[in-house]
Amino acid sequence: MNRAFSPFVHSMLLALLAVSATASAVEAPKPAAAPAVAVKADAAKGATLYADGDAARGLPACVSCHGAAGNSTISVNPKLAGQHESYIYKQLVDFTTPQRNQPVMTTYAKMLSDADKKNIAAYLGTQLSKPGAAKNKDTIDLGKKIYRGGIAAKQVAACASCHGATGNGIPVQYPRIAGQHQDYTVAQLTLFRSTKADARKNSAEMHTIAARMSDDEIAAVADYIAGLK
(Lines give C-alpha, C1' and ligand atoms only; values in the text may rest on other atoms or scores of the structure.)
Protein backbone atom coordinates (compact mmCIF):
# COMPACT_ATOMS: atom_id res chain seq x y z
CA MET A 1 0.00 0.00 0.00
CA ASN A 2 1.55 3.30 -1.12
CA ARG A 3 1.71 6.22 1.20
CA ALA A 4 2.47 9.83 0.42
CA PHE A 5 5.46 11.11 2.33
CA SER A 6 4.94 14.09 4.55
CA PRO A 7 6.44 17.33 3.21
CA PHE A 8 9.17 17.19 5.90
CA VAL A 9 10.23 13.62 5.09
CA HIS A 10 10.13 14.41 1.39
CA SER A 11 12.47 17.39 1.81
CA MET A 12 14.88 15.32 3.94
CA LEU A 13 15.08 12.60 1.27
CA LEU A 14 15.82 15.19 -1.40
CA ALA A 15 18.61 16.69 0.75
CA LEU A 16 20.20 13.25 1.30
CA LEU A 17 20.06 12.49 -2.41
CA ALA A 18 21.75 15.84 -3.18
CA VAL A 19 24.57 15.16 -0.72
CA SER A 20 25.08 11.69 -2.18
CA ALA A 21 25.23 13.08 -5.71
CA THR A 22 27.72 15.75 -4.70
CA ALA A 23 30.00 13.24 -2.95
CA SER A 24 30.02 10.95 -5.95
CA ALA A 25 30.93 13.84 -8.20
CA VAL A 26 34.10 14.76 -6.26
CA GLU A 27 37.10 14.33 -8.54
CA ALA A 28 40.03 12.14 -7.62
CA PRO A 29 43.06 14.07 -6.26
CA LYS A 30 45.27 15.45 -9.04
CA PRO A 31 48.92 14.42 -9.07
CA ALA A 32 51.33 16.97 -7.57
CA ALA A 33 52.88 19.35 -10.08
CA ALA A 34 56.49 18.72 -10.96
CA PRO A 35 58.94 21.09 -9.22
CA ALA A 36 60.02 24.07 -11.28
CA VAL A 37 63.38 23.68 -12.97
CA ALA A 38 65.88 26.38 -11.95
CA VAL A 39 66.91 28.52 -14.87
CA LYS A 40 70.67 28.90 -15.22
CA ALA A 41 71.98 32.46 -15.24
CA ASP A 42 73.11 33.79 -18.61
CA ALA A 43 76.32 35.82 -18.24
CA ALA A 44 76.17 36.93 -21.88
CA LYS A 45 72.76 38.53 -21.37
CA GLY A 46 74.07 40.05 -18.17
CA ALA A 47 77.00 41.59 -20.07
CA THR A 48 74.66 43.20 -22.58
CA LEU A 49 72.36 44.58 -19.91
CA TYR A 50 75.33 45.83 -17.90
CA ALA A 51 76.92 47.62 -20.85
CA ASP A 52 73.86 48.85 -22.73
CA GLY A 53 70.89 48.78 -20.38
CA ASP A 54 67.47 48.25 -21.97
CA ALA A 55 65.94 51.36 -23.52
CA ALA A 56 62.61 49.64 -24.13
CA ARG A 57 62.17 49.16 -20.39
CA GLY A 58 63.87 52.38 -19.37
CA LEU A 59 66.77 50.50 -17.77
CA PRO A 60 70.02 52.51 -17.66
CA ALA A 61 73.39 50.89 -18.30
CA CYS A 62 75.21 49.77 -15.14
CA VAL A 63 78.54 50.74 -16.72
CA SER A 64 77.76 54.44 -16.37
CA CYS A 65 78.16 54.21 -12.59
CA HIS A 66 80.17 51.05 -12.00
CA GLY A 67 82.69 51.29 -14.83
CA ALA A 68 83.78 48.98 -17.61
CA ALA A 69 83.55 45.32 -16.54
CA GLY A 70 82.63 46.42 -13.02
CA ASN A 71 85.82 48.36 -12.31
CA SER A 72 84.35 51.59 -11.01
CA THR A 73 86.52 54.69 -11.23
CA ILE A 74 84.11 56.70 -9.05
CA SER A 75 85.18 56.33 -5.43
CA VAL A 76 81.65 56.42 -3.98
CA ASN A 77 80.44 53.68 -6.34
CA PRO A 78 81.67 50.16 -5.57
CA LYS A 79 83.91 48.04 -7.70
CA LEU A 80 81.83 44.99 -8.66
CA ALA A 81 84.27 43.06 -10.84
CA GLY A 82 85.07 39.65 -9.41
CA GLN A 83 82.44 39.93 -6.70
CA HIS A 84 80.78 36.65 -5.76
CA GLU A 85 77.82 36.01 -8.05
CA SER A 86 75.58 34.93 -5.18
CA TYR A 87 76.44 38.06 -3.18
CA ILE A 88 75.64 40.47 -6.03
CA TYR A 89 72.32 38.72 -6.63
CA LYS A 90 71.44 38.96 -2.93
CA GLN A 91 72.23 42.67 -2.83
CA LEU A 92 70.11 43.37 -5.90
CA VAL A 93 67.24 41.58 -4.18
CA ASP A 94 67.89 43.41 -0.90
CA PHE A 95 67.70 46.77 -2.69
CA THR A 96 64.04 46.01 -3.38
CA THR A 97 63.34 45.68 0.36
CA PRO A 98 63.56 48.02 3.36
CA GLN A 99 66.74 46.20 4.39
CA ARG A 100 68.88 48.19 1.97
CA ASN A 101 67.42 51.43 0.76
CA GLN A 102 69.47 53.53 -1.65
CA PRO A 103 67.53 55.86 -3.97
CA VAL A 104 69.34 55.06 -7.23
CA MET A 105 69.89 51.34 -6.71
CA THR A 106 66.47 50.71 -5.18
CA THR A 107 64.79 52.28 -8.21
CA TYR A 108 66.99 50.32 -10.62
CA ALA A 109 66.71 46.97 -8.80
CA LYS A 110 62.92 47.17 -8.79
CA MET A 111 62.99 47.51 -12.58
CA LEU A 112 65.02 44.32 -12.99
CA SER A 113 63.42 40.91 -13.30
CA ASP A 114 64.77 38.07 -11.19
CA ALA A 115 66.47 36.69 -14.30
CA ASP A 116 68.07 40.09 -14.98
CA LYS A 117 69.52 40.15 -11.48
CA LYS A 118 70.98 36.67 -11.86
CA ASN A 119 72.37 37.40 -15.31
CA ILE A 120 74.12 40.60 -14.22
CA ALA A 121 75.52 38.85 -11.15
CA ALA A 122 76.82 35.99 -13.31
CA TYR A 123 78.55 38.43 -15.65
CA LEU A 124 80.22 40.48 -12.92
CA GLY A 125 81.36 37.38 -11.08
CA THR A 126 83.54 36.42 -14.07
CA GLN A 127 85.29 39.79 -14.43
CA LEU A 128 88.75 40.61 -13.15
CA SER A 129 89.01 43.29 -10.51
CA LYS A 130 91.68 45.95 -10.90
CA PRO A 131 93.75 46.40 -7.74
CA GLY A 132 93.51 49.44 -5.53
CA ALA A 133 96.00 50.96 -3.10
CA ALA A 134 96.14 52.25 0.44
CA LYS A 135 96.77 56.00 0.60
CA ASN A 136 97.36 56.97 4.21
CA LYS A 137 100.72 55.79 5.54
CA ASP A 138 99.88 57.20 8.98
CA THR A 139 96.96 54.81 9.54
CA ILE A 140 98.11 51.72 7.66
CA ASP A 141 99.31 49.95 10.83
CA LEU A 142 96.03 50.63 12.65
CA GLY A 143 94.03 49.43 9.64
CA LYS A 144 96.14 46.28 9.38
CA LYS A 145 95.74 45.58 13.11
CA ILE A 146 91.95 45.91 12.95
CA TYR A 147 91.63 43.85 9.77
CA ARG A 148 93.82 41.01 11.01
CA GLY A 149 93.16 41.05 14.74
CA GLY A 150 90.06 43.13 15.41
CA ILE A 151 89.71 45.40 18.44
CA ALA A 152 89.64 43.21 21.53
CA ALA A 153 88.73 46.03 23.93
CA LYS A 154 85.56 46.73 21.93
CA GLN A 155 84.78 43.10 21.05
CA VAL A 156 85.24 43.83 17.36
CA ALA A 157 86.13 40.67 15.46
CA ALA A 158 88.94 40.61 12.92
CA CYS A 159 87.68 41.42 9.42
CA ALA A 160 89.87 38.59 8.12
CA SER A 161 87.86 36.02 10.07
CA CYS A 162 84.99 36.46 7.59
CA HIS A 163 86.48 38.21 4.57
CA GLY A 164 89.72 36.23 4.45
CA ALA A 165 93.35 37.23 4.84
CA THR A 166 93.44 38.71 1.34
CA GLY A 167 89.91 40.10 1.33
CA ASN A 168 88.46 37.57 -1.10
CA GLY A 169 85.51 36.69 1.14
CA ILE A 170 83.42 33.54 1.11
CA PRO A 171 80.77 32.96 -1.60
CA VAL A 172 77.16 33.53 -0.47
CA GLN A 173 78.12 34.57 3.07
CA TYR A 174 80.76 37.28 2.85
CA PRO A 175 81.71 39.56 -0.05
CA ARG A 176 85.04 40.10 -1.68
CA ILE A 177 86.33 43.46 -0.40
CA ALA A 178 89.96 43.50 -1.55
CA GLY A 179 90.81 46.65 -3.49
CA GLN A 180 87.48 48.33 -2.79
CA HIS A 181 87.37 52.14 -2.84
CA GLN A 182 88.06 53.72 0.55
CA ASP A 183 85.14 56.15 0.24
CA TYR A 184 82.68 53.37 -0.52
CA THR A 185 83.83 51.16 2.36
CA VAL A 186 83.66 54.07 4.80
CA ALA A 187 80.15 54.91 3.60
CA GLN A 188 78.90 51.35 4.01
CA LEU A 189 80.38 50.86 7.48
CA THR A 190 78.81 54.16 8.49
CA LEU A 191 75.43 53.02 7.14
CA PHE A 192 75.76 49.73 9.00
CA ARG A 193 76.46 51.71 12.16
CA SER A 194 73.58 54.14 11.65
CA THR A 195 70.20 53.90 13.35
CA LYS A 196 68.53 56.35 10.96
CA ALA A 197 65.92 55.55 8.33
CA ASP A 198 68.55 55.17 5.60
CA ALA A 199 70.66 52.74 7.66
CA ARG A 200 71.82 49.55 6.02
CA LYS A 201 69.99 46.70 7.74
CA ASN A 202 70.83 43.62 5.67
CA SER A 203 73.57 42.24 7.93
CA ALA A 204 73.13 41.98 11.68
CA GLU A 205 76.80 40.98 12.04
CA MET A 206 78.06 44.08 10.28
CA HIS A 207 75.74 46.33 12.26
CA THR A 208 77.11 44.95 15.52
CA ILE A 209 80.73 45.37 14.40
CA ALA A 210 80.38 48.84 12.87
CA ALA A 211 78.41 50.14 15.87
CA ARG A 212 81.51 49.58 18.02
CA MET A 213 83.95 51.38 15.73
CA SER A 214 84.96 55.04 15.72
CA ASP A 215 85.23 57.16 12.57
CA ASP A 216 89.03 56.94 12.73
CA GLU A 217 88.97 53.16 13.03
CA ILE A 218 86.56 52.85 10.10
CA ALA A 219 88.72 55.13 7.95
CA ALA A 220 91.89 53.22 8.83
CA VAL A 221 90.54 49.78 8.03
CA ALA A 222 88.86 51.04 4.83
CA ASP A 223 92.21 52.38 3.60
CA TYR A 224 93.95 49.09 4.44
CA ILE A 225 91.26 47.11 2.59
CA ALA A 226 91.81 49.21 -0.53
CA GLY A 227 95.35 47.89 -0.76
CA LEU A 228 94.52 44.20 -0.34
CA LYS A 229 95.11 41.98 -3.36
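So, how was this worked out
Residues numbered from 1 in each chain as written. Predicted model: local features only at pLDDT ≥ 70, side-chain atom pairs only at ≥ 80, totals over all residues. Heavy atoms only, no water. Helix = DSSP H or I, 4+ residues; strand = E, 2+ residues; numbered from the N terminus. Buried < 20%, exposed > 50% of the residue type's maximum accessible area, 1.4 Å probe, protein only. Contact = heavy atoms within 4.5 Å. Areas by Shrake-Rupley, 256 points an atom, 1.4 Å probe, with all protein chains shown as cover. 1 Å grid on protein atoms, 1.4 Å probe; cavity = no way out; pocket = protein on both sides within 12 Å on 5 of 7 lines; lining within 4 Å. Points joined across faces, edges and corners; volume = space filled by probe spheres on them. Nonpolar A, V, L, I, M, F, W, Y, C, P; charged D, E, K, R; others polar. Axes fitted to C-alpha atoms, helices over the stretch in contact; angles between N-to-C directions. Left-handed = near helix turned anticlockwise from the far one by under 90°.

Some words on the overall build of the chain
Of the regular secondary structure elements, the chain holds 11 helices and zero strands. Along the chain, from the amino end to the carboxyl end, the secondary structure elements read α-α-α-α-α-α-α-α-α-α-α. In the chain, which comprises 229 residues, the share counted as buried stands at 36%. For the chain, the share of sequence-separated contacts (at least 6 apart) that also reach a separation of at least 24 residues comes to 63%. Put simply, the chain shows about 13,900 Å² of open surface, and 62% of that area lies on carbon and sulfur atoms.

Here's the deal with unusual backbone geometry
The backbone of Ala69 shows a phi angle near 55°, a positive value even though the residue is not glycine. Of note, Ala69 is situated in the loop between helix H3 (63-66) and helix H4 (85-94). We classify Ala69 as partly exposed; its relative accessible area is 23%.

Brief notes about empty space enclosed by the protein
Rolled over the atoms, a probe with the dimensions of a water molecule shows which regions are left empty. Going through the model one piece at a time under the given rule, you end up with one cavity of 30 Å³ or more. In this model, the largest cavity occupies a volume close to 60 Å³. In terms of lining, the largest cavity is formed by Lys79, Leu80, Ala81, Gln83, Ser129, Arg176, Ile177, Ala178, Gly179 and Gln180. Class assignment of the residues belonging to the lining of the largest cavity gives a composition of four nonpolar, four polar and two charged.

Some details on the side chain of His66
With respect to the helices and strands, the residue His66 is situated in helix H3. Judged by its relative accessible area of 10%, His66 is buried. Once residues lying within four places of it in the same chain are set aside, the contact partners of His66 are Tyr50, Asn71, Ser72, Asn77, Pro78, Leu80 and Met105.

Observations regarding the packing of H4 against helix H6 (residues 114-125)
Running from amino to carboxyl end, H4 crosses H6 at an angle of 145°, the nearest separation of the two axes being 8 Å. Once H4 is placed against H6, the crossing between them reads as right-handed. From H4, Glu85, Ile88, Tyr89, Leu92 and Val93 reach across to H6, where they touch Asp114, Lys117, Lys118, Ala121, Ala122 and Leu124. Its residues placed into classes, the contact of H4 with H6 shows seven nonpolar, no polar and four charged.

Read these as geometric descriptors, not functional statements.
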